[in-house]
Amino acid sequence: MRISIKLKFSLFLAVLLILALGVLSYIVLQGVEKNQLTQTEVYLAQHVKTVNLRVKQTYYTGTRMEPQIFMRQRGRGLATELAGFTGLGVTLYDAQGLQVGTSIQDPPVVDQQSEVNAALAYALHNKIAYEAVGDTLLYLAPLQGPEEQMGVVQLQYSLKSSQSFLRTLQNLFLTTGIAVLLLSFIIGYLYFNRAAAAIGRLKKAAEDIRRAEYIQAPPVRRKDELGELAEGIYFMSKEIEQSIAAKDEEQRKLQLAIHKLQALEQQQKQYIGNISHEFKTPLTSIKAYVDLLNMYDDDPKLLLEAKASIAKETQRLYEMVEKVLQVSALEKYDFESRAELLEVAEGLRDVCARMSGKAERFGITISCDAEPAHIWIDKESFMHIFINLLDNAIKYNVPQGTIHVHSELRDNRVRITIRDSGIGIPEEARERIFEPFYTVNRDRSRQSGGTGLGLSLVRNLVEKQNGSITLLETEGEGSVFELSFPAT
Ligand code: ADP
């Protein structure tokens, strides 16, 4: 059975109160009773003194006689007289314990008499004895004679008033005790109700955290241990929320990395497939010519054709191997870049001059207008990049075509454009031309000794030099490539 914490605390408080009130009432009542007895003793001792004085006075003023005889003759009268003095019931006994006079009308009942006799025997030995019989206290004290004890006086004292005082006191303790107890229980219950409500809110907060519903503020605001606990739970919730968010972020990054790796693996597979294909084509052609020569080794026309074709395919193979090696070296190692400060206009003019010979052979003119600007770049990479781009601009140009190289400094970056009047790049190929082995027109590319690796190599080199390359949208014919590098 589940007992709520507030009920437990309230019951505990009630038990504590009962214990405290019980002990307190017992001690007070005992004290009062003891005090009453002492006062009665003092009061009765006083009367005994008076009685002794009166008895002595009567004995000495009358005719001289034996104390025993005096007691028997005068006992009755003295008892009545002394009762008048003291206002108490008085009974006198002689030295043998025989009752010689009493002022009491009703004699004690038989079973009370035996208790009286025991006390009397004690008092006959010159000692004080008392005995409570019902609501009456019998006080027995020795009566002193001329030489020795000549009897015993018994004073009868009513305990009614002190007993009723004690009972009133007891009732007072009981009623106030019960009232205090009830009141304390109610107040305690209400107080613990507040604490229990706070504990309930803490419990709910813990359950919310378990369900990953993190709390946004301490569930309880108090300046005690419960308040501190609430703050502790709030901070714990925040920590858990943050670390779970960090874990989720890590997981997201990991997932992203896995996707990238998968894409890379796919790319790698495609790359290897393409390489094998690209290498097979010239090799098949070479092998075919070798087979034909083996069969018709005396055919001079075939020999000439074979020499030319084998030379062309070998050159293509050589170029391909060269570029593949360059691309894979770039992908594998972070080249130790020998960056140096390059004057862009000077570098571009140099490349244009180098390529103008080839351009002229195809009737193409190269023009170059470059603003003076400086960039940090590996000079060899710079040459590779622009030779490849100009080579493409020549390869995919039209007879009597033009190539225009322009550079300017804008927004702290050097922007270089290479515009040609060539065949252009169709919309659907724009995204793919930077992929290794991608060619728009395989035959045209092959005719001009292309491998589909040039732009892939260019982009790698540009990015290694902190630059970017994009193919711009063109309205007319031809293509425009824009490169951008941070200016120094
Ligand atoms: P390739 O060795 O075949 O020239 P690239 O990687 O340099 O390989 O270029 C990829 C493809 O992009 C080329 O096959 C060609 O179809 C196209 N291309 C590149 N530059 C130009 C250009 N200036 N004009 C038209 N097409 C181009």
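Just so you know, these numbers come straight off a predicted model, no measurement behind them.

Details of a nonpolar patch on the surface
On the surface, a nonpolar cluster with roughly 720 Å² of combined accessible area is contributed by Met 1, Ile 3, Leu 7, Leu 11, Ile 186, Tyr 189 and Leu 190. Of all the secondary-structure elements, those providing two or more residues to the nonpolar patch are helix H1 (5–61) and helix H4 (160–210). No other element matches the 3 residues that H4 contributes to the nonpolar patch. With respect to the secondary-structure elements, Leu 190 resides in helix H4.

With respect to the sheet that holds strand E1 (residues 89–94)
If you trace the 5 strands from one edge of the open sheet to the other, you get E2-E1-E5-E4-E3, paired in antiparallel fashion. Edge positions in the sheet fall to strand E2 (99–102) and strand E3 (129–133), since each of these pairs with one other strand and no more. Averaged over all pairs of adjacent strands, the angle between their axes in this sheet comes to 20°, without regard to strand direction. Where E3 meets strand E4 (residues 136–144), 5 bridges bridge the pair, whose relative direction is antiparallel. Its bridge partner being in E4, Tyr 130 is matched across the sheet by Tyr 139.

With respect to the pairing of strand E5 (residues 149–158)
The two faces of the sheet receive side chains in turn, since in a regular strand these alternate between them. Along E5, 8 of the 10 residues are buried, which leaves the element largely enclosed by surrounding structure. Bridge analysis of E1 against E5 gives 6 bridges, and the strand direction is antiparallel. Of the residues in E5, the one forming a bridge with Leu 92 is Val 153. The pairing of E4 with E5 spans 9 bridges and is classified as antiparallel. When the bridges of E5 are listed, Thr 136 appears paired with Ser 158. Connecting the antiparallel pair E4 and E5 is a turn made up of 4 residues.

Quick word on the pattern of salt bridges
Within this structure, the stated rule accounts for 14 salt bridges. Between Lys 160 and Asp 135 there is a salt bridge; the shortest N-O distance is 3.9 Å. One end of the pair, Lys 160, is in helix H4; the other, Asp 135, is in the loop between E3 and E4, and 25 residues separate them in sequence. Using a relative accessible area of 52% as the deciding quantity, one classes Lys 160 as exposed. A residue is classified by how much of its surface remains accessible, and Asp 135, at 30% relative accessible area, is partly exposed. When the shortest N-O distance is used, the salt bridge between Arg 316 and Glu 278 registers 3.3 Å.

Overview of the UniProt feature "transmembrane region" (unreviewed entry) in the chain
In the numbering used here, UniProt assigns the "transmembrane region" (unreviewed entry) feature to residues 172–192. Within residues 172–192, the helical portion is 100% and the strand portion 0%, while the C-alpha atoms at the span's ends are 29 Å from each other.

Here's the deal with the sheet that holds strand E11 (residues 468–472)
Either a parallel or an antiparallel arrangement is found when strands of a sheet pair, and the pairing is made through backbone hydrogen bonds. The strand order across the open sheet built from 5 strands is E7-E9-E10-E12-E11, with neighbouring strands paired in mixed fashion. The two strands at the open ends of the sheet, each matched to only one other strand, are strand E7 (365–370) and E11. Taken over all neighbouring pairs, the strand axes of this sheet differ in orientation by 15° on average, direction set aside. In the sheet, E7 pairs with strand E9 (residues 402–410) via 6 bridges, with the strands oriented parallel. What sits directly across from Cys 368, in E9, is Val 405. Packed onto the sheet, helix H7 (residues 344–361) meets E7, E9 and strand E10 (413–420) and runs at close to 175° relative to E7.

Examining the state of the cysteines
In this structure the tally under the stated criterion is 0 disulfides. Distance from the sulfur of Cys 352, which forms no disulfide, to the nearest cysteine sulfur (Cys 368) is 3.9 Å. The exposure class of Cys 352 is buried, given its relative accessible area of 8%. Exposure remark for Cys 368: the relative accessible area of 29% places this residue in the partly exposed category.

Let's talk about unusual backbone geometry
For Asn 412, which is not glycine, the phi dihedral falls at a positive 65°. Mapping Asn 412 onto the fold places it in the loop between E9 and E10. The phi angle at Phe 437 is positive, at roughly 70°, despite the residue not being glycine. Checked against the element boundaries, Phe 437 lands in the loop between E10 and helix H9 (442–447).

Points about the domain arrangement of the chain
Under the domain assignment, the chain is made up of domain 1 (5–167) and domain 2 (337–486). Relative placement of domain 1 and domain 2: their C-alpha centres are 136 Å apart.

Regarding helix H10 (residues 454–464)
Counted residue by residue, H10 has 8 buried out of 11 residues, so it is predominantly covered. Restricting attention to buried positions, one finds in H10 the residues Gly 454, Leu 455, Ser 456, Leu 457, Val 458, Asn 460, Leu 461 and Val 462. Immediately beyond the C-terminal end of H10, within one or two residues, lies Asn 466, with a positive phi of roughly 60°.

The rules behind the values
- Residues numbered from 1 in each chain as written.
- Predicted model: local features only at pLDDT ≥ 70, side-chain atom pairs only at ≥ 80, totals over all residues.
- Heavy atoms only, no water.
- Patch = residues over 30% accessible without salt bridge, like charges linked within 9 Å, V, L, I, M, F, W, Y side chains within 5 Å.
- Areas by Shrake-Rupley, 256 points an atom, 1.4 Å probe, with all protein chains shown as cover.
- Salt bridge = Lys/Arg side-chain N within 4 Å of Asp/Glu carboxyl O.
- Helix = DSSP H or I, 4+ residues; strand = E, 2+ residues; numbered from the N terminus.
- Pairing = 2+ DSSP bridges.
- Axes fitted to C-alpha atoms, helices over the stretch in contact; angles between N-to-C directions.
- Buried < 20%, exposed > 50% of the residue type's maximum accessible area, 1.4 Å probe, protein only.
- UniProt positions renumbered as here; feature names shortened; annotations may be inferred.
- Contact = heavy atoms within 4.5 Å.
- Disulfide = S-S within 2.5 Å.
- Domains from an automatic or database assignment.

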